[in-house]
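# Survey of secondary and tertiary structure
In case you want the letters, here they are:
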Amino acid sequence: MGMNENVSKPLDRLSSELAGDMAAVNALIRERMASEHAPRIPEVTAHLVEAGGKRLRPMLVLAAARLCGYAEGQSHVLLAAAVEFIHTATLLHDDVVDESQQRRGRPTANLLWDNKSSVLVGDYLFARSFQLMADTGSMQVMRILANASATIAEGEVLQLTAAQDVATTEDIYIQIVRGKTAALFSAATEAGAVVAGAEAVVQRALFDYGDALGIAFQIVDDLLDYGGATSTIGKNVGDDFRERKLTLPVIKAIAAADADERAFWERTIGKGQQDDSDLQTALEILKRRGAMEAARADAVAWAERAKTALRQAPESELRTILSNLADFVVSRLS
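Residues numbered from 1 in each chain as written. Predicted model: local features only at pLDDT ≥ 70, side-chain atom pairs only at ≥ 80, totals over all residues. Heavy atoms only, no water.

The condition that has to hold: UniProt positions are given in the numbering used here, feature names are shortened, and annotations may be inferred rather than shown by experiment.
In the annotation of an unreviewed UniProt entry, the entry for the chain reads Polyprenyl synthetase family protein, and the organism field reads Paracoccus broussonetiae subsp. drimophilus. You can read under Cofactor (unreviewed entry) in the UniProt record for the chain the words "Mg(2+)". In UniProt, the chain has this text filed under Sequence similarities (unreviewed entry): "Belongs to the FPP/GGPP synthase family."

## A look at the pattern of salt bridges
Going by this rule: Here, a salt bridge means any Lys or Arg side-chain nitrogen found within 4 Å of an Asp or Glu carboxyl oxygen. Here a strand is any run of E in DSSP of at least two residues, a helix any run of H or I of at least four, and the numbering for each starts at the N terminus. Type-normalised accessible area, obtained with a 1.4 Å probe on protein chains alone, sets the label of each residue: buried when under 20%, exposed when over 50%, and partly exposed for intermediate values.
In the structure shown here, the tally under the stated rule is 19 salt bridges. Between Arg32 and Asp135 there is a salt bridge, with the nearest N and O atoms lying 3.1 Å from each other. Residue Arg32 is found in helix α3 (residues 19–33), and its partner Asp135 is found in helix α8 (residues 115–136); the two are separated by 103 residues along the sequence. Of the residues examined, Arg32 reaches a relative accessible area of 17% and is grouped as buried.

## Things to note about the nonpolar core
Heads up, the rule is: Among buried residues, those of type Ala, Val, Leu, Ile, Met, Phe, Trp, Tyr and Cys that are joined through side-chain atoms within 4.5 Å constitute a nonpolar core. Note on contacts: a residue pair qualifies if any of its non-hydrogen atoms lie within 4.5 Å across the two residues.
Counting residues in each nonpolar core, the largest one holds 104 residues, and the members touching the most others are Trp265 and Leu325. A per-element tally of this core places helix α10 (residues 170–195) first, with 13 residues. Beyond its immediate stretch of four places on either side in the chain, Leu325 contacts Pro10, Leu11, Leu14, Leu56, Leu60, Tyr209 and Leu213.

Right, here's the structure in full:
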C-alpha cells in the first residue's frame with residue numbers, strides 16, 4: 001500500500017483540526033494533575049505527561065464530539081482530560097505489573113521512583129478522572145467511562161492468567177485486547193458522541209469505530225514487536241516473546257503447529273525456558289506458518305470494520321480524517 005500524504009498524516013491533521021480544544025485539554029490536565037499535599041504526584045505525572053504520547057485518546061473524544069456537532073460548553077474538554085488520566089493511570093500500573101524499564105524511550109516511573117509511587121499515583125489519576133467525569137454532569141458519560149475502567153482492569157487480570165498459557169485462543173486474545181486497548185478507544189469515541197447529543201445509532205457507530213480501531217491498533221503493535229523498527233515505537237523486537245506474552249501471531253502459529261513446534265512454544269512461552277537463539281527460531285516458525293500475514297489480514301479487517309461503522313456518522317472533513325486514521329494504523333505494517 002502506497003503511503004500517500006492523505007494516509008500518512010491523519011494524526012497531524014487531527015492535531016491541527018483540534019488544536020484549540022487540545023490546548024484547553026492540556027491546560028486542564030496540568031491544572032488537575034497538581035496536588036498541594038503530595039509533591040510526588042506532579043513529579044511522577046509530569047514525567048509521563050510531558051513524555052508526550054500522541055494524545056490519541058483525548059483527540060478521539062474531541063473528534064467524535066465535533067463530528068457530532070458539539071458546539072458549546074466544556075464537557076468535551078473535561079471528558080478528553082478524564083480519558084487521558086485513565087490512560088496514564090493504566091500505564092503507571094502496567095509498568096509495575098510488567099516490571100518495565102522503558103516507556104516511550106524513557107525510563108519508567110517505577111524505575112525512577114518506585115512501585116509504590118507508581119501504583120498510588122495511578123490511583124490518584126483514576127480518582128481525578130472520576131471527578132472530571134462528574135463535572136460533565138452526564139450520567140451516561142459516567143456510565144460509559146466507569147464501564148470502560150472496569151473492562152480495562154478485567155483485561156489486565158485476564159492477561160495475567162492467559163498471557164503465558166499456550167491454550168489461549170484468539171477469542172480470549174481479543175477479549176484481552178478489548179480490555180487493554182480498545183475499551184478506552186471506544187469509550188472515548190462513544191462518550192464524545194454522547195456529550196454532543198448524537199442520536200443512539202450514531203453513538204453506537206462511534207463506539208464500534210473506536211472498538212475496531214483499538215483492536216487493529218493493538219494487533220499492529222503486537223506484529224511490530226516481531227519485526228517493527230525499534231526507533232519508531234521505543235520497544236525492542238522480541239520484547240513480547242521474552243516476556244512470554246501470547247499475542248496474535250503466536251496464537252495463530254500454535255494453532256497450526258506440528259509436534260516439534262508445539263514443544264518449542266510450550267518451552268519458550270509456557271515454561272519461559274529461553275536461550276539466545278530462540279527468538280530467531282520463533283520468527284522462522286511465524287514466517288513458515290504464515291502467522292504474521294494472517295495477523296496482518298486481521299488488522300486490516302478490523303480497520304475496515306472501523307471505517308464501515310463511521311459511515312453512520314455525519315459526513316465531514318473530520319470523518320474523512322478519522323477514516324484515514326484507520327488506514328494509517330495498519331499502514332505502519334507495510
